[in-house]
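Structural features, examined
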Amino acid sequence: MVYEGKAKKVYKTEDEKKYIVEYKDDATAFNGVKKGTIKGKGIINNKMSALLFKILEEKGIPTHFEELISDREMIVKAVKILPIEVIVRNIAAGSLAKRLGLEEGTELKTTVLEFCYKKDELGDPMINEYHIKAIELATEEQLEKVKDYALKINDILVKFFKSKGIKLIDFKLEFGLYDGEVILADEISPDTCRLWDAETNKKLDKDRFRRDLGDVEKSYIEVLERIK
Ligand code: C5P
């Protein structure tokens, strides 16, 4: 094992350029303060990430995804993760709604990109592009690629989810370096996206766990069923 995170384990393989990612059912929120299990979540996040990575690859976004090897495991390219979380927002919710005093569900006139420094002991603080360059979390060229991909990924995913009756409110991306190039890594799942039913605005994502809204497992299953 090379890494164990809150929701995933990463293993080395015989091929030093490939890792195996195993998706767990463990769930945490509020930087690990709230802990729990969402039964079957690992299976759903594995399958959903694979499906979305394939769609993105077809549209020209390089990703770390190689192949699904079991319900909970995929083979990925062994990237070096950039220590930056990229948050993409289409509609105000969560921490943005709170910070700016907006009602959740308020439409944003343009897509908002935010960055956080991936550092558990600091609680992943929000940073801007100047911080990224000043403490060398990425080069200017890498940062431009990250921003360009994040906006393109948003366009592709907003359209995709819309066709399935789901609004993509916001989501988090992580990128890594592979052969010196920036590629999309980590996962795209109801753990990392806010997904609302287009008709009813019912939350179909991890906010059901964070906010004790019930139907957590059911909502994860519903998202996968709708998009597959
Ligand atoms: O909490 P906040 O509103 O800033 O989250 C924005 C988006 O980023 C949400 O979709 C959330 O699920 C995702 N996120 C994440 N991992 C984090 C922080 C946020 O997947 N560590």
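Quick caveat, the model's predicted, so the values are computed rather than measured.

What counts, and at which threshold
- Residues numbered from 1 in each chain as written.
- Predicted model: local features only at pLDDT ≥ 70, side-chain atom pairs only at ≥ 80, totals over all residues.
- Heavy atoms only, no water.
- UniProt positions renumbered as here; feature names shortened; annotations may be inferred.
- Helix = DSSP H or I, 4+ residues; strand = E, 2+ residues; numbered from the N terminus.
- Buried < 20%, exposed > 50% of the residue type's maximum accessible area, 1.4 Å probe, protein only.
- Pairing = 2+ DSSP bridges.
- Domains from an automatic or database assignment.
- Contact = heavy atoms within 4.5 Å.
- Buried area = accessible area lost by both parts, 1.4 Å probe.
- Salt bridge = Lys/Arg side-chain N within 4 Å of Asp/Glu carboxyl O.
- Polar contact = N/O pair within 3.5 Å; in protein donor to acceptor, adjacent residues only side chain to side chain.
- Nonpolar A, V, L, I, M, F, W, Y, C, P; charged D, E, K, R; others polar.

This part takes up the UniProt feature "domain: SAICAR synthetase/ADE2 N-terminal" (unreviewed entry) in the chain. When the UniProt feature table is mapped to this numbering, "domain: SAICAR synthetase/ADE2 N-terminal" (unreviewed entry) covers residues 2-226. Spanning residues 2-226, this segment combines 31% helix with 34% strand, and its end C-alpha atoms are found 34 Å apart.

Moving on: the pairing of strand S12 (residues 166-178). Counting buried residues along S12, 11 of its 13 residues qualify, which places the element largely inside the surrounding structure. Relative to S12, strand S8 (residues 80-81) runs antiparallel, the two being bridged by two bridges. When the sheet's bridge partners are listed, Ile81 is paired in S12 with Gly176. Judged from the four bridges that link them, strand S9 (residues 84-91) and S12 form a sheet pairing that is antiparallel. Opposite Arg89, over in S12, you have Asp170 as the bridge partner. Sheet topology note: the S12/strand S14 (residues 193-197) ladder contains five bridges and is antiparallel. When the bridges of S14 are listed, Leu168 appears paired with Leu195. In this sheet, strand S13 (residues 181-185) lies alongside S12 in antiparallel orientation, the contact comprising five bridges. The residue bridging Phe175 from the neighbouring strand is Leu184, located in S13. If you look at the hairpin formed by S12 and S13, you'll find two residues sitting between the two strands, and Asp179 has a positive phi there, around 50°.

Partitioning the chain into domains gives domain 1 (3-77) and domain 2 (82-215). At the junction of the two partners, domain 1 supplies 30 residues and domain 2 supplies 27 residues. For the pair domain 1 and domain 2, the summed buried area comes to about 2,500 Å², and 67% of that belongs to carbon and sulfur atoms. There are six salt bridges connecting domain 1 and domain 2. Between Glu187 and Lys8 there is a salt bridge whose closest N-O contact spans 2.5 Å. The interface formed by domain 1 and domain 2 holds 15 residue pairs in polar contact (both at pLDDT 80 or more) in total. Those elements that provide at least two residues to the side of domain 1 that touches domain 2 are strand S3 (18-23), strand S4 (26-29), strand S5 (34-37) and helix H1 (41-58). Among the elements that take part in the side of domain 1 that touches domain 2, H1 stands out by supplying nine residues, more than any other. Tallied by class, the residues present in the side of domain 1 that touches domain 2 amount to 14 nonpolar, seven polar and nine charged.

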